[in-house]
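Notes for the structure review
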Amino acid sequence: MQILKESSMMAFNKTVEKGPKWVIDTLKNKGLTGRGGAGFPTGTKWEMVFNEKETEKYVVCNADEGEPGTFKDRMIIEKNPKTLIEGIMIACHVITAKKAFIYLRGEYECLKENLQKTIDEVNTSDIEIQIFQGAGAYVCGDETAILRSIEGYRGHPSLKPPFPTVQGLFEKPTIINNVETLTNVPLALMMDDWDPKLKLFSLSGKVKHPGVYELKEGTPLSKLIKLGDGEPKAIHFGCFGGCLAYEQFKDIPLTPEEVLKADCFLGSCAVIVTDKKTSIIDVATNIAKFYEFESCGKCTPCREGTMRVLAILENIAMGQANSADIDTLLELAIVIRDTSFCGLGQTATNHVINAIKYFREEFEERLCKSE
Ligand code: SF4
(Lines give C-alpha, C1' and ligand atoms only; values in the text may rest on other atoms or scores of the structure.)
Protein backbone atom coordinates (compact mmCIF):
# COMPACT_ATOMS: atom_id res chain seq x y z
CA MET A 1 0.00 0.00 0.00
CA GLN A 2 1.24 3.49 -0.89
CA ILE A 3 -0.07 4.91 2.41
CA LEU A 4 2.06 2.50 4.47
CA LYS A 5 5.43 3.69 3.12
CA GLU A 6 7.28 4.67 6.26
CA SER A 7 8.74 8.09 6.94
CA SER A 8 12.47 8.63 6.82
CA MET A 9 12.11 12.34 7.72
CA MET A 10 13.48 13.23 4.30
CA ALA A 11 10.35 15.22 3.46
CA PHE A 12 10.61 17.29 6.66
CA ASN A 13 14.31 17.94 6.08
CA LYS A 14 13.57 18.99 2.50
CA THR A 15 10.78 21.27 3.75
CA VAL A 16 13.26 23.02 6.05
CA GLU A 17 15.72 23.33 3.18
CA LYS A 18 13.31 24.45 0.41
CA GLY A 19 10.75 26.46 2.41
CA PRO A 20 6.94 26.73 2.67
CA LYS A 21 6.25 27.87 -0.89
CA TRP A 22 7.87 24.73 -2.30
CA VAL A 23 5.64 22.56 -0.10
CA ILE A 24 2.46 24.45 -1.00
CA ASP A 25 3.23 24.45 -4.73
CA THR A 26 4.18 20.75 -4.73
CA LEU A 27 0.98 19.74 -2.90
CA LYS A 28 -1.06 21.83 -5.33
CA ASN A 29 0.70 20.42 -8.40
CA LYS A 30 0.46 16.84 -7.20
CA GLY A 31 -3.25 17.24 -6.46
CA LEU A 32 -3.51 16.21 -2.81
CA THR A 33 -7.06 16.75 -1.57
CA GLY A 34 -8.57 16.26 1.90
CA ARG A 35 -9.49 12.68 2.77
CA GLY A 36 -11.93 13.49 5.57
CA GLY A 37 -14.87 13.77 3.19
CA ALA A 38 -14.94 17.31 1.83
CA GLY A 39 -12.06 16.84 -0.62
CA PHE A 40 -10.73 20.41 -0.35
CA PRO A 41 -7.29 20.92 -2.01
CA THR A 42 -4.70 20.63 0.76
CA GLY A 43 -2.13 23.00 -0.77
CA THR A 44 -4.76 25.73 -1.13
CA LYS A 45 -5.88 25.33 2.49
CA TRP A 46 -2.29 25.56 3.73
CA GLU A 47 -1.65 28.60 1.54
CA MET A 48 -4.63 30.40 3.10
CA VAL A 49 -3.21 29.91 6.60
CA PHE A 50 0.31 30.72 5.41
CA ASN A 51 -0.93 34.07 4.05
CA GLU A 52 -2.58 35.11 7.35
CA LYS A 53 -0.59 37.81 9.16
CA GLU A 54 -1.12 36.43 12.70
CA THR A 55 2.05 35.17 14.39
CA GLU A 56 0.21 32.55 16.48
CA LYS A 57 -1.14 29.66 14.38
CA TYR A 58 -2.08 26.02 14.98
CA VAL A 59 -2.30 22.66 13.27
CA VAL A 60 -5.04 20.21 14.26
CA CYS A 61 -5.00 16.61 13.07
CA ASN A 62 -8.54 15.24 12.99
CA ALA A 63 -8.19 11.67 14.26
CA ASP A 64 -11.78 11.60 15.53
CA GLU A 65 -12.93 9.08 12.87
CA GLY A 66 -16.42 8.68 14.32
CA GLU A 67 -18.24 7.83 11.08
CA PRO A 68 -19.70 4.33 11.44
CA GLY A 69 -18.00 1.95 9.05
CA THR A 70 -14.84 4.06 8.78
CA PHE A 71 -11.64 2.64 10.25
CA LYS A 72 -8.89 3.57 7.78
CA ASP A 73 -7.35 6.27 10.00
CA ARG A 74 -7.10 3.76 12.80
CA MET A 75 -5.08 1.48 10.49
CA ILE A 76 -2.72 4.35 9.59
CA ILE A 77 -2.19 5.28 13.25
CA GLU A 78 -1.49 1.63 14.06
CA LYS A 79 0.75 0.83 11.11
CA ASN A 80 2.38 4.07 9.96
CA PRO A 81 2.31 6.67 12.73
CA LYS A 82 5.79 8.00 11.85
CA THR A 83 4.68 9.32 8.48
CA LEU A 84 1.62 10.92 10.08
CA ILE A 85 3.80 12.73 12.62
CA GLU A 86 6.13 13.88 9.85
CA GLY A 87 3.11 15.27 7.96
CA ILE A 88 2.05 17.22 11.07
CA MET A 89 5.58 18.59 11.50
CA ILE A 90 5.66 19.72 7.86
CA ALA A 91 2.29 21.49 8.28
CA CYS A 92 3.60 23.29 11.38
CA HIS A 93 6.80 24.32 9.64
CA VAL A 94 4.93 25.68 6.60
CA ILE A 95 2.72 28.01 8.66
CA THR A 96 5.26 28.54 11.50
CA ALA A 97 2.96 26.97 14.08
CA LYS A 98 4.63 26.13 17.37
CA LYS A 99 1.94 23.71 18.49
CA ALA A 100 -0.18 20.96 16.97
CA PHE A 101 -2.98 18.85 18.43
CA ILE A 102 -3.98 15.35 17.42
CA TYR A 103 -7.68 15.10 18.25
CA LEU A 104 -7.93 11.38 18.93
CA ARG A 105 -11.30 9.66 18.98
CA GLY A 106 -12.36 8.74 22.53
CA GLU A 107 -12.77 5.09 21.58
CA TYR A 108 -9.18 4.97 20.24
CA GLU A 109 -7.65 5.10 23.74
CA CYS A 110 -5.75 1.90 22.84
CA LEU A 111 -3.76 3.79 20.17
CA LYS A 112 -2.66 6.61 22.46
CA GLU A 113 0.39 5.05 24.08
CA ASN A 114 2.04 3.99 20.85
CA LEU A 115 1.20 7.29 19.19
CA GLN A 116 2.82 9.20 22.08
CA LYS A 117 5.91 6.97 21.82
CA THR A 118 6.17 7.73 18.12
CA ILE A 119 5.86 11.48 18.73
CA ASP A 120 8.69 11.29 21.30
CA GLU A 121 10.84 9.29 18.91
CA VAL A 122 10.22 11.20 15.66
CA ASN A 123 9.73 14.79 16.74
CA THR A 124 13.18 16.22 17.35
CA SER A 125 12.06 19.75 16.41
CA ASP A 126 10.85 22.47 18.80
CA ILE A 127 7.24 21.93 17.65
CA GLU A 128 4.95 20.68 20.43
CA ILE A 129 2.57 17.89 19.35
CA GLN A 130 -0.11 17.10 21.92
CA ILE A 131 -2.61 14.25 21.80
CA PHE A 132 -6.05 15.49 22.85
CA GLN A 133 -8.51 12.72 23.46
CA GLY A 134 -12.15 13.34 22.55
CA ALA A 135 -15.04 12.05 24.64
CA GLY A 136 -16.64 10.00 21.87
CA ALA A 137 -19.12 12.53 20.43
CA TYR A 138 -19.86 11.99 16.73
CA VAL A 139 -20.50 15.72 16.24
CA CYS A 140 -16.82 16.40 17.01
CA GLY A 141 -16.05 15.16 13.51
CA ASP A 142 -17.18 18.69 12.55
CA GLU A 143 -14.09 20.86 12.43
CA THR A 144 -15.58 23.75 14.41
CA ALA A 145 -16.82 21.35 17.11
CA ILE A 146 -13.30 19.88 17.40
CA LEU A 147 -11.90 23.35 17.99
CA ARG A 148 -14.43 24.14 20.74
CA SER A 149 -13.69 20.77 22.35
CA ILE A 150 -9.92 21.42 22.43
CA GLU A 151 -10.60 24.87 23.87
CA GLY A 152 -12.43 23.19 26.75
CA TYR A 153 -16.01 23.94 25.74
CA ARG A 154 -18.79 21.53 24.76
CA GLY A 155 -18.18 20.18 21.28
CA HIS A 156 -20.87 22.21 19.56
CA PRO A 157 -20.49 23.26 15.91
CA SER A 158 -20.33 26.99 15.17
CA LEU A 159 -21.33 29.07 12.19
CA LYS A 160 -18.92 29.51 9.25
CA PRO A 161 -17.54 31.96 8.17
CA PRO A 162 -15.17 32.76 9.76
CA PHE A 163 -13.45 29.59 8.58
CA PRO A 164 -10.78 27.96 10.74
CA THR A 165 -8.12 29.01 8.22
CA VAL A 166 -8.81 32.60 9.33
CA GLN A 167 -10.16 32.20 12.87
CA GLY A 168 -9.68 28.69 14.18
CA LEU A 169 -8.29 27.34 17.43
CA PHE A 170 -8.21 30.07 20.13
CA GLU A 171 -9.39 32.34 17.28
CA LYS A 172 -6.07 31.97 15.46
CA PRO A 173 -5.53 30.72 11.88
CA THR A 174 -5.55 26.94 11.94
CA ILE A 175 -4.94 24.06 9.54
CA ILE A 176 -7.31 21.14 10.20
CA ASN A 177 -6.60 18.00 8.21
CA ASN A 178 -7.48 14.41 8.79
CA VAL A 179 -5.04 11.55 9.40
CA GLU A 180 -5.01 10.18 5.85
CA THR A 181 -4.42 13.63 4.37
CA LEU A 182 -1.49 14.47 6.66
CA THR A 183 0.07 11.03 6.15
CA ASN A 184 -0.02 11.59 2.41
CA VAL A 185 1.89 14.88 2.67
CA PRO A 186 5.44 13.44 3.09
CA LEU A 187 4.65 10.78 0.48
CA ALA A 188 3.43 13.35 -2.04
CA LEU A 189 6.51 15.50 -1.44
CA MET A 190 9.05 12.69 -1.81
CA MET A 191 7.63 10.04 -4.16
CA ASP A 192 7.88 10.66 -7.91
CA ASP A 193 5.20 8.04 -8.54
CA TRP A 194 2.87 9.14 -5.70
CA ASP A 195 -0.68 8.71 -6.97
CA PRO A 196 -3.34 11.20 -5.77
CA LYS A 197 -6.08 8.86 -6.96
CA LEU A 198 -5.15 6.06 -4.54
CA LYS A 199 -7.56 6.17 -1.61
CA LEU A 200 -8.43 4.00 1.35
CA PHE A 201 -11.85 2.31 1.46
CA SER A 202 -13.20 0.81 4.68
CA LEU A 203 -15.33 -2.21 3.73
CA SER A 204 -17.61 -3.79 6.33
CA GLY A 205 -21.03 -5.37 6.88
CA LYS A 206 -22.11 -8.61 5.18
CA VAL A 207 -18.83 -9.48 3.47
CA LYS A 208 -16.46 -12.38 4.09
CA HIS A 209 -13.34 -10.19 4.02
CA PRO A 210 -13.97 -6.83 5.68
CA GLY A 211 -11.01 -4.49 5.91
CA VAL A 212 -9.21 -1.48 4.52
CA TYR A 213 -8.53 -1.60 0.78
CA GLU A 214 -6.40 0.87 -1.16
CA LEU A 215 -7.94 1.42 -4.57
CA LYS A 216 -7.86 4.00 -7.31
CA GLU A 217 -10.67 6.50 -7.16
CA GLY A 218 -13.08 5.50 -9.94
CA THR A 219 -12.81 1.74 -9.33
CA PRO A 220 -16.25 0.15 -9.92
CA LEU A 221 -18.20 -0.60 -6.75
CA SER A 222 -18.52 -4.28 -7.78
CA LYS A 223 -14.72 -4.72 -7.77
CA LEU A 224 -14.49 -3.60 -4.13
CA ILE A 225 -17.40 -5.87 -3.18
CA LYS A 226 -15.68 -8.83 -4.92
CA LEU A 227 -12.53 -8.23 -2.88
CA GLY A 228 -14.67 -8.52 0.24
CA ASP A 229 -16.66 -11.46 -1.16
CA GLY A 230 -20.11 -10.12 -0.36
CA GLU A 231 -23.60 -10.58 -1.84
CA PRO A 232 -25.17 -7.19 -1.36
CA LYS A 233 -28.67 -5.86 -1.56
CA ALA A 234 -27.83 -2.34 -0.41
CA ILE A 235 -24.70 -0.27 0.12
CA HIS A 236 -24.47 2.41 2.79
CA PHE A 237 -21.68 4.99 2.50
CA GLY A 238 -21.09 5.21 6.23
CA CYS A 239 -24.24 6.48 7.94
CA PHE A 240 -24.23 10.01 6.59
CA GLY A 241 -23.68 9.16 2.92
CA GLY A 242 -27.04 7.50 2.30
CA CYS A 243 -27.66 4.15 0.65
CA LEU A 244 -28.23 2.78 -2.82
CA ALA A 245 -29.58 -0.41 -4.41
CA TYR A 246 -26.58 -2.55 -5.34
CA GLU A 247 -27.98 -4.25 -8.46
CA GLN A 248 -28.90 -0.90 -9.96
CA PHE A 249 -25.54 0.73 -9.22
CA LYS A 250 -22.97 -2.07 -9.04
CA ASP A 251 -20.91 -0.62 -11.91
CA ILE A 252 -20.84 2.87 -10.44
CA PRO A 253 -17.27 4.26 -10.37
CA LEU A 254 -16.27 5.14 -6.81
CA THR A 255 -15.77 8.89 -7.20
CA PRO A 256 -17.61 11.60 -5.25
CA GLU A 257 -19.22 12.89 -8.45
CA GLU A 258 -20.51 9.51 -9.68
CA VAL A 259 -21.75 8.44 -6.25
CA LEU A 260 -23.59 11.75 -5.99
CA LYS A 261 -25.54 10.83 -9.13
CA ALA A 262 -27.12 8.06 -7.04
CA ASP A 263 -27.99 10.72 -4.40
CA CYS A 264 -25.26 9.43 -2.08
CA PHE A 265 -22.04 10.89 -0.67
CA LEU A 266 -18.79 8.96 -0.90
CA GLY A 267 -17.39 11.01 2.01
CA SER A 268 -14.60 9.20 3.83
CA CYS A 269 -15.01 6.10 1.60
CA ALA A 270 -16.83 3.87 4.10
CA VAL A 271 -18.74 1.10 2.32
CA ILE A 272 -21.15 -0.94 4.46
CA VAL A 273 -22.80 -3.94 2.82
CA THR A 274 -26.33 -5.14 3.60
CA ASP A 275 -27.27 -8.54 2.20
CA LYS A 276 -30.61 -9.82 0.90
CA LYS A 277 -31.56 -11.42 4.22
CA THR A 278 -31.34 -8.13 6.10
CA SER A 279 -34.31 -5.79 6.32
CA ILE A 280 -33.56 -2.28 5.12
CA ILE A 281 -36.06 -1.01 7.70
CA ASP A 282 -34.09 -2.61 10.52
CA VAL A 283 -30.89 -1.03 9.17
CA ALA A 284 -32.61 2.37 8.87
CA THR A 285 -33.97 2.09 12.42
CA ASN A 286 -30.55 1.21 13.73
CA ILE A 287 -28.93 4.20 12.02
CA ALA A 288 -31.77 6.47 13.20
CA LYS A 289 -31.07 5.39 16.81
CA PHE A 290 -27.46 6.42 16.31
CA TYR A 291 -28.41 9.90 15.08
CA GLU A 292 -31.03 10.42 17.78
CA PHE A 293 -28.32 9.64 20.36
CA GLU A 294 -25.58 11.72 18.72
CA SER A 295 -27.59 14.88 17.97
CA CYS A 296 -25.94 17.56 20.12
CA GLY A 297 -29.28 19.28 20.78
CA LYS A 298 -28.25 22.76 19.69
CA CYS A 299 -30.85 23.20 16.95
CA THR A 300 -34.52 22.19 16.86
CA PRO A 301 -34.84 20.38 13.49
CA CYS A 302 -32.12 17.89 14.34
CA ARG A 303 -32.82 17.55 18.08
CA GLU A 304 -36.58 17.01 17.73
CA GLY A 305 -36.61 15.63 14.19
CA THR A 306 -34.20 12.74 14.76
CA MET A 307 -36.41 11.60 17.66
CA ARG A 308 -39.53 11.69 15.47
CA VAL A 309 -37.80 9.87 12.60
CA LEU A 310 -36.81 7.10 14.99
CA ALA A 311 -40.34 6.88 16.43
CA ILE A 312 -41.91 6.53 12.96
CA LEU A 313 -39.34 3.95 11.85
CA GLU A 314 -39.96 1.91 15.00
CA ASN A 315 -43.69 2.00 14.28
CA ILE A 316 -43.09 0.80 10.73
CA ALA A 317 -40.73 -1.93 11.96
CA MET A 318 -43.42 -3.18 14.36
CA GLY A 319 -46.08 -3.25 11.60
CA GLN A 320 -48.10 -0.49 13.27
CA ALA A 321 -47.81 2.22 10.62
CA ASN A 322 -49.96 3.10 7.61
CA SER A 323 -48.97 4.35 4.15
CA ALA A 324 -49.37 8.01 5.18
CA ASP A 325 -46.62 7.45 7.75
CA ILE A 326 -44.13 6.66 4.97
CA ASP A 327 -44.92 9.99 3.32
CA THR A 328 -44.67 11.81 6.67
CA LEU A 329 -41.32 10.13 7.31
CA LEU A 330 -39.99 11.22 3.93
CA GLU A 331 -41.26 14.78 4.36
CA LEU A 332 -39.78 15.02 7.86
CA ALA A 333 -36.44 13.61 6.66
CA ILE A 334 -36.23 16.27 3.94
CA VAL A 335 -37.07 19.10 6.38
CA ILE A 336 -34.36 17.91 8.79
CA ARG A 337 -31.85 17.74 5.94
CA ASP A 338 -32.71 21.21 4.68
CA THR A 339 -33.01 23.13 7.96
CA SER A 340 -30.45 21.70 10.41
CA PHE A 341 -27.58 23.82 11.58
CA CYS A 342 -24.58 21.58 10.91
CA GLY A 343 -23.47 18.66 8.78
CA LEU A 344 -24.70 16.09 11.29
CA GLY A 345 -28.36 17.10 10.98
CA GLN A 346 -28.04 17.93 7.29
CA THR A 347 -26.98 14.35 6.56
CA ALA A 348 -28.73 12.45 9.37
CA THR A 349 -31.66 11.42 7.20
CA ASN A 350 -29.95 10.70 3.86
CA HIS A 351 -30.22 7.01 4.61
CA VAL A 352 -33.98 7.29 5.21
CA ILE A 353 -34.63 9.33 2.07
CA ASN A 354 -32.68 6.85 -0.06
CA ALA A 355 -34.12 3.78 1.65
CA ILE A 356 -37.61 4.97 0.74
CA LYS A 357 -36.46 5.87 -2.77
CA TYR A 358 -34.81 2.52 -3.55
CA PHE A 359 -36.69 0.10 -1.26
CA ARG A 360 -40.16 1.59 -0.83
CA GLU A 361 -41.80 -1.81 -1.39
CA GLU A 362 -40.10 -3.13 1.78
CA PHE A 363 -41.66 -0.29 3.77
CA GLU A 364 -45.07 -1.01 2.25
CA GLU A 365 -44.82 -4.72 3.07
CA ARG A 366 -44.41 -3.86 6.75
CA LEU A 367 -47.48 -1.62 7.00
CA CYS A 368 -50.31 -2.43 9.39
CA LYS A 369 -52.24 -5.29 7.75
CA SER A 370 -55.63 -3.98 8.89
CA GLU A 371 -55.15 -0.72 6.93
S1 SF4 B 1 -27.67 19.74 13.36
FE2 SF4 B 1 -27.74 18.38 15.17
S3 SF4 B 1 -25.62 18.10 15.74
FE4 SF4 B 1 -25.70 19.89 14.38
S5 SF4 B 1 -25.96 21.67 15.70
FE6 SF4 B 1 -28.02 20.98 15.19
S7 SF4 B 1 -28.57 19.60 16.88
FE8 SF4 B 1 -26.35 19.82 16.94
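Residues numbered from 1 in each chain as written. Predicted model: local features only at pLDDT ≥ 70, side-chain atom pairs only at ≥ 80, totals over all residues.

1. Some thoughts on helix H16 (residues 350-365)
Let me state the cut-off plainly: By the criteria applied, helices consist of DSSP H or I runs no shorter than four residues and strands consist of E runs no shorter than two, each listed in order from the N terminus. Every helix has an expected span of 1.5 Å times one less than the residues it contains. Partly exposed residues are those whose C-beta has more than 12 but fewer than 20 other C-beta atoms within 10 Å; 20 or more makes a residue buried and 12 or fewer makes it exposed, with C-beta atoms placed from the backbone. Contact between residues is assigned whenever the C-beta positions, reconstructed from backbone atoms, fall within 7 Å.
With 16 residues, H16 extends 21 Å from end C-alpha to end C-alpha; this agrees with the ideal 22 Å at 1.5 Å per step. Within the sequence span of H16, burial applies to Asn350, His351, Val352, Asn354, Ala355, Tyr358, Phe359 and Phe363. Residues of H16 that are buried make contact with strand E7 (232-236), strand E8 (243-245), helix H12 (280-294), helix H13 (300-317), helix H14 (323-339) and helix H15 (343-347).

2. Here we look at H14
Operational definition: In this description, the arc belongs to the directions extending from the helix axis to the C-beta atoms.
With 17 residues, H14 should reach 24 Å at 1.5 Å per residue; the first-to-last C-alpha distance of 25 Å fits that figure. Leu329, Ala333 and Ile336 are the residues of H14 that are buried. Along H14, the residues classed as buried sweep out an arc of 65° about the axis, all on the same side. Opposite the buried face of H14, at more than 90 degrees from it, the exposed residues are Ser323, Ala324, Asp327, Glu331 and Asp338. Packed against the buried residues of H14 are H13, H15 and H16.

3. Digging into the sheet that holds E8
Test applied: Being paired, for any two strands, means DSSP has found at least two bridges between them. Lines fitted to C-alpha atoms define the axes, with helix axes restricted to the stretch in contact, and inter-axis angles between N-to-C directions lie between 0 and 180 degrees.
Pairing is mixed in the open sheet, where 5 strands are placed in the order E6-E5-E9-E7-E8. Every other strand in the sheet has two partners, leaving strand E6 (211-216) and E8 as the edge strands with one partner each. Across this sheet, the average inter-strand angle for adjacent strands is 30°, counted without regard to direction. As paired elements, E7 and E8 share 3 bridges and run antiparallel to each other. Across the sheet, the residue bridging to isoleucine 235 is leucine 244, located in E8. Packed onto the sheet, H16 meets E7 and E8 and runs at close to 10° relative to E8.

4. A few points about the domain arrangement of the protein chain
The extent of an interface is frequently quoted as the accessible surface area lost upon association of the parts. Applicable threshold: Note that the domain bounds were set by an automatic or database domain assignment. Lys, Arg, Asp and Glu make up the charged group, whereas Ala, Val, Leu, Ile, Met, Phe, Trp, Tyr, Cys and Pro make up the nonpolar group; the residues left over, Gly among them, are polar.
Assigned domains within the protein chain: domain 1 (2-190), domain 2 (198-275) and domain 3 (280-365). Summarising the inter-unit geometry, the C-alpha centres of domain 1 and domain 2 are found 26 Å apart. Tallying the contact residues gives 14 residues for domain 1 and 15 residues for domain 2. Taken together, the residues of the side of domain 1 that touches domain 2 sort by class into 4 nonpolar, 6 polar and 4 charged.

5. What to know about unusual backbone geometry
In this chain, lysine 160 is followed by proline 161 through a cis amide linkage whose omega measures -5°. Structurally, proline 161 is set in the loop between helix H7 (143-151) and strand E4 (174-178). Going from proline 161 to proline 162, the amide bond is cis rather than trans, its omega being 5°. Within the secondary structure, proline 162 sits in the loop between H7 and E4. Even without glycine at this site, aspartate 229 takes up a positive phi of about 60°. Turning to its location among the elements, aspartate 229 is positioned in the loop between helix H9 (221-228) and E7. In this model, aspartate 263 sits at a positive phi of 65°, which is unusual for a non-glycine residue. Looking at where aspartate 263 falls in the secondary structure, it is placed in the loop between helix H11 (256-261) and strand E9 (270-275).

6. Description of the pairing of E7
Within E7, 5 of the 5 residues are buried, leaving the element largely enclosed by the surrounding structure. Count of turn residues in the E7/E8 antiparallel hairpin: 6 residues, of which glycine 238 carries a positive phi of about 65°.

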